[in-house]
Amino acid sequence: MGKPLTRTRSLPRDARKEAGFQLGKVQAGLESADWKPFNEVGAGTREIRIREASGIYRMMYVAKFEEAIYVLHCFQKKTQATSRLIAWLSACATGETDRPTARAQLS
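Predicted model, so just to flag it, every value in this text is computed and none were measured.

K.L.:
Would you mind going over the pairing of strand β3 (residues 55–65) with me for this structure?
P.N.:
Along any regular strand, the residues point their side chains to alternate faces of the sheet. Bridge count between strand β2 (residues 45–52) and β3: eight bridges; the pairing is antiparallel. In the sheet register, arginine 51 faces β3, and the bridge partner there is isoleucine 56. Where β2 hands over to β3, the hairpin turn is made up of two residues, counted between the paired strands. As judged from the eight bridges shared by β3 and strand β4 (residues 68–77), these two strands associate in the antiparallel manner. If you follow tyrosine 57 over to β4, its bridge partner there is glutamine 76. Hairpin remark: β3 followed by β4, antiparallel, with two residues in the connecting loop.

K.L.:
What is the right way to look at the side chain of glutamine 22 in this model?
P.N.:
Along the chain, glutamine 22 turns up in helix α2 (residues 13–27). Residue classification places glutamine 22 among the buried residues on the basis of a relative accessible area of 3%. For glutamine 22, the side chain forms a polar contact with the side chain of glutamate 18, separated by 2.6 Å. When residues no more than four places from it in sequence are discounted, the contact partners of glutamine 22 are Ser32, Ala33 and Ile48.

K.L.:
Please clarify how the pattern of salt bridges should be interpreted in this entry.
P.N.:
Here the idea is simple: oppositely charged side chains can pair when their charged atoms come close. Across all of its chains, the model carries four salt bridges by this definition. With a closest N to O distance of 2.5 Å, arginine 51 and aspartate 34 form a salt bridge. Within this pair, whereas arginine 51 is found in strand β2, its partner aspartate 34 is found in the loop between α2 and β1 (35–37), the two being separated by 17 residues in sequence. Close ionic contact of lysine 36 with glutamate 47 constitutes a salt bridge, the shortest N to O distance being 3.8 Å. Taken together, the residues lysine 36 in strand β1 and glutamate 47 in strand β2 connect sequence positions 11 residues apart.

Thresholds, definitions, all that
- Residues numbered from 1 in each chain as written.
- Predicted model: local features only at pLDDT ≥ 70, side-chain atom pairs only at ≥ 80, totals over all residues.
- Heavy atoms only, no water.
- Pairing = 2+ DSSP bridges.
- Helix = DSSP H or I, 4+ residues; strand = E, 2+ residues; numbered from the N terminus.
- Buried < 20%, exposed > 50% of the residue type's maximum accessible area, 1.4 Å probe, protein only.
- Polar contact = N/O pair within 3.5 Å; in protein donor to acceptor, adjacent residues only side chain to side chain.
- Contact = heavy atoms within 4.5 Å.
- Salt bridge = Lys/Arg side-chain N within 4 Å of Asp/Glu carboxyl O.

In structure tokens, the structure reads:
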């Protein structure tokens, strides 16, 4: 569990409810209402886009395994730019950089 669960629980109530509803649809074999593939992080990764009065939120998950849906990251979108964390995950997943080098770049 860990940080994605903690971050999901820290979302405002309306965003948390919508995220849960959209994940429930995915769990039932349906597509969420507003999503896009996010293969830069890893094959099969998808991003649910949530727009609520309280802000814009993103939830990244992998649902290619039968036993579970794995939420990788959940956050409030504040800019149009891709976050440094997502860029770091992408670089590590594609082998463009090694983890120690990428971690130093985040500092």
